[in-house]
Amino acid sequence: MDTHTENNLAAEGGKMAFASFLAFLWRGRLVIAGTFSVVIAVVTIAVFVMTPSFTAKASFMPPPDDAGSVSSFLRDPLSAVLKRGSGGAVLDRLASFLNSQTTRRILVERFGLQPHYKARNLSEAMIALEKQTRVVVTTEGTIELAVTDRDPKLAAALANCYLDVVDSLFRDAQTSHARQMREFLERRLNENRRALAEAESTAKAFSLRYGVVALPEQVASLVDLMATIEGKIMALDVQIGAARQVLGPDHFSLRELTSQREQLAAQRKALIETKGRGTSDPLFAFREVPERALQWARIEREIKIQTLIQELVLQQYEVAKLEEQRDVSSLTIIDRATPPEIRSWPRRGRIIAISAAIAIVWGILLAYALEEYPRLRRRVREMNDLRSRSDA
C-alpha cells in the first residue's frame, strides 16, 4: 500500500469519525440542550442574586530622595534607611507599613469594621480586612493599593485612610530616627568635648613648664597628616556606631562606611610602616629631634584629632537637630481612591461565558454516558450468561 492510499484512508477515517460525532450530537441534542439550559439558568440567577463587590484603588510613591532626609549618610541618617538604592528598601518599608497589624487595627477601630465583617473579635476583623486588601509594589517605584468591599464609598474611604495612616507612620519613623541620631551624636559630642578639654589642659601644662616648643617643618607636616587620617577614622567610627544603633547591625549602609574606614586604616598602616620603623609611632622617624619637641608633637596631634572630630560631629549634630524639628515631607500621592461605579465582582459576562462552555462539555459527557449505559449493561449481562454456561 503506497503513501497516497494510506493518506486517502486516513482522510476517509477522519471524515467518518467526524460524521459519527455529529450524529452522536444530534442523538443527544435534547440532553445537551437541557444540561446547557439548566446550568445557564442557575448560574444567571446566581450572579444576579450575588451581592456585588467594588474595588477602590489608590497609588502613591515615596518622597523624592532628598525629601525628609539630612543628605548622605551622617548628614542624612534617614536617607540611609529610606533611600531607594538598596533594592527598593523604601518601597518595601512602606509596603510593610500597609500590611502591618498596627495599620489594620487603626482602620478596624476607626470604621467599626468588626460588625461589618461579622467578626467575633478584633483579630478576625483584621484578618477579614487583610483579605480584602491588595498591595502591589511596581517596578516603576510606586505602590498600588486596592480595597474591596460591598459598599463602594466604604472601599474608597478605607483606601484613603490607608494612605493617611501610612503617611503618619512614615513621618513618625523619620522623626524617630532623627531623634535617635541626634541623641547619639549628642553623647558623642560631649565625649569629644571632654577629650579635647583634656588635651588642651595637657598642652597648657606643658607650655607652662617648658615654654613654647617650635616643631621642625617635617614633623609639623607629619603631625597634620596623622591628625587628618586619625580624625577621619574616628569620625567614621561615629558614623558606624550611629548606623549600628539607629539602623541595626545588618543595614546595607554599614558596608560602605566600613569600606571607607578600611581604606583610611590602610593609609594609617602604610604611614606607620614607612615612618615608624618597626614601632607603632610614625614620629619615631624623627627620634633625633629633642624629646620635648616630640612630646609637644604628640600633644598637638591629639588636639588636632579631637578638633577635627568636633567639627565633623558638631556639624552632623546640628543637622540632626534641624531634621528632628522640621516638618517631614509627606508621601507623594499619585491617585487618591474614589468610590468605584463599576463592580469588581461578580463579573457576570465572564462567569456566564465560562459556565456556558462548561455546560456544553457536561452535556456532551452526560449524553455519551446515557447512550453507552444500555450497551454496557447488555455486555455485562452477556458476559455473565457466558460465564454461567461455562460453569455448567
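The notes below deal with the structure included here. Think of each chain on its own: its residues are numbered from 1, step by step along the sequence as written. Only residues with pLDDT of 70 or above have their local features reported here, since the model is predicted, and side-chain atom pairs are shown and tallied only from 80 upward, although totals for entire chains, interfaces and linings are computed over all residues. Excluded from the side-chain calculations are hydrogens and water; all other atoms, namely the structure's heavy atoms, are used.

Moving on, we come to helix α5 (residues 101-111). Three or more residues of α5 are buried, namely Thr103, Arg104, Leu107 and Val108. Down the axis of α5, the buried set is contained in an arc of 130 degrees. They therefore lie on one face. Exposed side of α5, more than 90 degrees from the buried face: Glu109 and Arg110 are the residues found there. Just past α5, the residue glycine 112 takes up positive phi, approximately 60 degrees. Relative accessible area decides the class of each residue, using a 1.4 Å probe on protein chains only: under 20% of the type maximum gives buried, over 50% gives exposed, and in between gives partly exposed. We count a stretch as a helix when DSSP gives it H or I for four or more residues in a row; a strand needs E for two or more, and each element gets its number in order from the N terminus. An arc is given here, and it is the one of the directions from the helix axis to the C-beta atoms.

As a further point, take the sheet that holds strand β4 (residues 332-335). DSSP-based pairing: two strands are paired if at least 2 bridges between them are found. The 4 strands lie next to each other as β2-β3-β1-β4, forming an open sheet whose pairing is antiparallel. At either margin of the open sheet sits one strand with a lone partner, and together these are β2 (133-137) and β4. Put simply, the sheet's adjacent strands are angled 25 degrees from each other on average, direction ignored. Taken together, the 7 bridges between strand β1 (residues 54-61) and strand β3 (residues 143-149) define a ladder with antiparallel strand orientation. Bridged to serine 59 within β3 is glutamate 144. Strand contacts of helix α8 (residues 152-210): β1, β2, β3 and β4, with the helix running at about 145 degrees to β3, the strand carrying the most contacts. Only C-alpha atoms enter the line fits that serve as axes; for helices the fit covers just the stretch in contact. Angles between N-to-C directions range over 0 to 180 degrees. By definition in these notes, contact holds between two residues if any of their heavy atoms fall within 4.5 Å.

Note: α-helices contain 3.6 residues per turn, so residues at a spacing of three or four share the same orientation. For helix α7 (residues 122-131), every residue scored as buried is listed here: Ala125, Met126, Ala128 and Leu129. Around the axis of α7, the buried residues are gathered within 160 degrees of arc, so they sit on the same side. Its buried side turned inward, α7 meets α5, α6 (113-116), β2 and α8.

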